[in-house]
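Examining the three-dimensional arrangement
Spelled out from the first residue to the last, the chains are:
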Amino acid sequence: GVIDHGRTAIYKAGESGNASALDAHTLFEIGSVSKTFTATILASMVLDGSVKLDDPVAKYLPATVHVPSRNGKQITLLDLATQHSGLPRLPSNMDFADPNDPYADYTLADMYKFLNTYSLARDPGQSFEYSNLGVGLLGDALAARAGVTYSILLQKRVLAPLGMTDTGIALSANQRSRFAVGHDVDGRPVKSWTFQALAPAGAIRSTVADMLKY
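A brief structural summary. (Residues numbered from 1 in each chain as written. Predicted model: local features only at pLDDT ≥ 70, side-chain atom pairs only at ≥ 80, totals over all residues. Heavy atoms only, no water.)

**Remarks on unusual backbone geometry**
- In this model, histidine 5 sits at a positive phi of 50 degrees, which is unusual for a non-glycine residue.
- With respect to the helices, strands and loops of the structure, histidine 5 is situated in the loop between strand 1 (2-4) and strand 2 (7-9).
- Of note in this structure, phenylalanine 96 is not a glycine but carries a positive phi near 45 degrees.
- For phenylalanine 96, the position within the fold is in the loop between helix 2 (77-81) and helix 3 (108-117). (Helix = DSSP H or I, 4+ residues; strand = E, 2+ residues; numbered from the N terminus.)

**Here's the deal with the nonpolar core**
- Residues Phe37, Val57, Leu61, Leu115 and Leu142 are the most contacted members of the largest nonpolar core, which totals 42 residues.
- At six residues, helix 4 (residues 132-146) tops the list of elements feeding residues into this core.
- Ignoring anything within four residues of it in the chain, the contact list for leucine 115 reads Leu61, Val65, His66, Pro68, Leu87 and Leu137. (Core = buried A, V, L, I, M, F, W, Y, C linked by side-chain atoms within 4.5 Å. Buried < 20%, exposed > 50% of the residue type's maximum accessible area, 1.4 Å probe, protein only. Contact = heavy atoms within 4.5 Å.)

**Focus on the layout of surface pockets**
- Computed from the structure, the largest pocket encloses a volume of approximately 170 Å³.
- For the largest pocket, the full set of lining residues is Leu108, Tyr112, Asp140, Ala143, Ala144, Val148, Thr149, Tyr150, Ile169, Gln196, Ala197 and Ala199.
- Counting only elements with at least two residues in the lining of the largest pocket, the list comes to helix 3 and helix 4.
- At three residues, helix 4 tops the list of elements feeding residues into the lining of the largest pocket. (1 Å grid on protein atoms, 1.4 Å probe; cavity = no way out; pocket = protein on both sides within 12 Å on 5 of 7 lines; lining within 4 Å. Points joined across faces, edges and corners; volume = space filled by probe spheres on them.)

**Some remarks on the packing of helix 1 (residues 34-47) against helix 5 (residues 150-162)**
- Between helix 1 and helix 5, the least distance of the axes is 10 Å, while the angle of their chain directions is 70 degrees. The pairing of helix 1 with helix 5 is recorded here as roughly perpendicular in orientation. Where helix 1 approaches helix 5, its residues Ser34, Phe37, Thr38, Thr40, Ile41, Ser44 and Met45 are matched on the opposing element by Tyr150, Leu153, Leu154, Arg157, Val158 and Leu159.
- Here the contact of helix 1 with helix 5 is built from residues that sort into eight nonpolar, four polar and one charged. (Axes fitted to C-alpha atoms, helices over the stretch in contact; angles between N-to-C directions. Parallel < 35°, antiparallel > 145°, perpendicular 65-115°, else oblique. Nonpolar A, V, L, I, M, F, W, Y, C, P; charged D, E, K, R; others polar.)

**So, helix 3**
- Taken as a whole, helix 3 has its buried residues at Met111, Tyr112, Phe114 and Leu115. Take helix 3 and look down its axis: the buried residues cluster within an arc of 160 degrees, on one side only. More than 90 degrees from the buried face of helix 3, the exposed residues found are Ala109, Lys113 and Thr117. (Arc of directions from axis to C-beta.)

**A short note on the packing of aromatic side chains**
- Counted according to the given criterion, the structure contains four aromatic pairs.
- Centroid distance phenylalanine 114 to tyrosine 118: 4.9 Å. Interplanar angle 25 degrees. Geometry classified as stacked.
- Look at tyrosine 118 and you get partly exposed, because its relative accessible area is 23%.
- In textbook terms, an aromatic cluster arises when at least three aromatic residues are bridged by ring pairs, as seen for Tyr103, Trp193 and Phe195. (Phe/Tyr/Trp six-rings, centres within 6.5 Å; stacked < 30°, edge-to-face > 60°.)

**Overview of the pattern of salt bridges**
- For the coordinates displayed, the defined rule picks out 10 salt bridges.
- We note a salt bridge from arginine 188 to aspartate 184, for which the minimum N-O separation is 2.9 Å.
- Residue classification places arginine 188 among the partly exposed positions, given a relative accessible area of 49%.
- Aspartate 184 sits in the partly exposed class, given a relative accessible area of 26%. (Salt bridge = Lys/Arg side-chain N within 4 Å of Asp/Glu carboxyl O.)

See the structure below:
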């Protein structure tokens, strides 16, 4: 999908892998592009005063959760959004019970347990390190602040305002019929991934038509 001076064009090649033809309304897993939606939610909530960029993420988590800090510096919402939190790419307590669906079993309770035991190797804000965990934590904290699930928050803050009616995490029967089949490095069909706590980092599905709106 291409936007050029206000005009859009869509190009395609290949097949969807399902009964529907590959077109602008074929749904794909957009993977880590989901992180930009979580950052957009943050921007929206900052603009209306719901949160501040320099708020410690701990402010929006249960009191029983101990978010690691270092040298008196706490992890802020901005640190999480810009990948400067000091948290690792993935938490060490993921069990990868299903290697073909590695995020499926990782819950909020698991994330909180990891945070309670993790020690930062450097100060928050000091340097960049890409973190699925960090953006998952950001989205979950924003959802907690809003008092809704991440999926509902995504719908309210991004999808509905932009008219993205074919984008989301859970798919309808009609959307599932248009969901492209993914493949591994050897070209073999694989099942799609599912998420719990780390959904804000990679769970969104969308179409070219909707992504052009985004």
